[in-house]
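Here's the letter readout for the chains.
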Amino acid sequence: MVKPESEHQFLKQELEFRTALVDLTNELLSSTLNATFYQTALERTVQLVPDAQGGSVLIRHDDGLYHFEAAVKFDFKVLNSITLSDEELGRRAREANIEKIEIHEYKQRLDPNKVRLFQEAGKLSDIRATLSVPLQFRGQPVGYFNLDNFRSQEAFTEKDIEIAKAIAGQVSLALYRLFLERRLEQERQHYQHMANHDPLTGLPNRRFFLDALERALAHAARRESATGLLYVDINDFKRMNDRYGHDVGDRLLGEAAARIGGAVRAGDVAARLGGDEFGVLLIDVHGPEDTQNVAAKVKTALSAPMTRGEQVFIMKASIGTATYPEHATTAEELLKIADTKMYEMKHAAGA
């Protein structure tokens, strides 16, 4: 039996929508969580919901305010400068909700400057009906798709609502997955940072420093350039640590790390090698003289008085230097030479 034409048309439209919904879901799941994600989702939603002619996406940020993340038929740069509180946003049901938007309603909830910005964004006074659909995250709304119609107050049928809710559900699913992926990546980066950095000073640790030194020497060999190395030891640190306590000692090490880092170039690597010993890797120096100049700069920075409450501390440092390729051609040899020179200077200073 041949089905009626209307049923054929309904099935065709249903198939087209389901196909488009699957395509949208796949597209969102393969994207990253950024402005493009929201803009793509909104544009596809406006295309798929029959009565939608424009719209915007609002997402609640950590500051507790809603921020515009995407817009169609509005000036996004203007909308992006606006934030809305729960009170300014007005009541929003968790279910799809048709809401008539009029200028006087905004004026009741917003200060005049925000009303002006909304008007500058365009077409606000033309809105006849808005379909607001929540984006759910762990069962709670984290934002809204606002779909606008500029022709009729009777816009948005039950079918429109059904389509919009289906899309919002898929967007929420993609949003949740991307959030989990981002959190896992942040945790991975955090643990990687912990594995490569000293928890007290925040500087790279010995492991990171040795890897960086190997890479720097390989780079220097290819470019036939020089690489400098400083081995820094804080004189009499154990005595100060024993006399004033570990809390003061930790603060002194933190200050020393900050001063060493501030005395070298942004591309160089300062690291805590252990205890009161630090290393500095100087990338692309001209030769031993450059390395010595940086060592003098670091020593001067460390020797400036440090005040902790009523106490004044003056740190002195012994610094050994070595330069590739003049002094050695391997990381192990460079470290040994710089370490030996550091101990010779320390012994000479009676530290």
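None of these values were measured; they are calculated from a predicted model.

(A) Fine view of helix H6 (residues 112-121). Among the residues making up H6, those that are buried are Lys-114, Val-115, Leu-117, Phe-118 and Ala-121. Buried residues of H6, viewed axially, fall in a sector of 160 degrees; they line one side. Two or three places before Asn-113, at the start of H6, stands the capping residue Asp-111, its side-chain oxygen 3.0 Å from that residue's backbone nitrogen. Count one or two residues on from H6 and you reach Gly-122, which has phi positive near 95 degrees.

(B) Quick peek at the packing of helix H9 (residues 237-244) against helix H10 (residues 246-263). Here H9 crosses H10 at 140 degrees, and the two axes come no closer than 6 Å. As judged from the angle between their axes, H9 and H10 are oblique. Side by side, H9 and H10 meet where Phe-237, Met-240, Asn-241 and Tyr-244 of the first sit next to His-246, Val-248, Gly-249, Leu-252 and Leu-253 of the second.

(C) Inspection of the pairing of strand S1 (residues 54-60) at higher detail. Burial analysis of S1 places six of its seven residues in the buried class, which makes it a mostly covered element. Looking at chain direction, S1 and strand S6 (residues 140-149) are connected through six bridges and run antiparallel. Across the sheet, residue Gly-55 finds its bridge partner in S6, namely Leu-147. Of the strand pairs in this sheet, S1 and strand S2 (residues 66-72) are connected by six bridges, and their pairing is antiparallel. Paired with Arg-60 across the bridge in S2 is Tyr-66.

(D) Geometry of the environment of Leu-302. Assignment of secondary structure puts Leu-302 in helix H11 (residues 288-303). C-alpha separation for the pair Leu-302 and Met-315, spaced 13 residues apart in sequence, amounts to 6.0 Å. What Leu-302 contacts, discounting residues up to four positions off in sequence, is Val-232, Ile-234, Ala-256, Arg-259, Ile-260, Met-315 and Ala-317.

(E) Broad picture of the packing of aromatic side chains. For the coordinates displayed, the defined rule picks out five aromatic pairs. Taking the centre distance of 5.2 Å and the plane angle of 90 degrees together, the rings of Phe-37 and Tyr-38 count as edge-to-face. Residues Phe-37 and Tyr-38 agree in their burial class; the two are buried. Judged by centre distance (5.9 Å) and plane angle (75 degrees), the ring pair of Phe-68 and Phe-118 falls under edge-to-face. With Phe-68 in strand S2 and Phe-118 in helix H6, this pair connects stretches of sequence that are 50 residues apart. For Phe-68, a relative accessible area of 4% puts it in the buried group. Residue classification places Phe-118 among the buried positions, given a relative accessible area of 6%. The ring of Phe-208 has Arg-215 lying over it, and the distance from NZ or CZ to the ring centre is 5.9 Å.

Each value, and the rule that gives it
Residues numbered from 1 in each chain as written. Predicted model: local features only at pLDDT ≥ 70, side-chain atom pairs only at ≥ 80, totals over all residues. Heavy atoms only, no water. Buried < 20%, exposed > 50% of the residue type's maximum accessible area, 1.4 Å probe, protein only. Helix = DSSP H or I, 4+ residues; strand = E, 2+ residues; numbered from the N terminus. Arc of directions from axis to C-beta. Polar contact = N/O pair within 3.5 Å; in protein donor to acceptor, adjacent residues only side chain to side chain. Axes fitted to C-alpha atoms, helices over the stretch in contact; angles between N-to-C directions. Parallel < 35°, antiparallel > 145°, perpendicular 65-115°, else oblique. Contact = heavy atoms within 4.5 Å. Pairing = 2+ DSSP bridges. Phe/Tyr/Trp six-rings, centres within 6.5 Å; stacked < 30°, edge-to-face > 60°. Lys NZ or Arg CZ within 6 Å of the ring centre and 35° of its normal.

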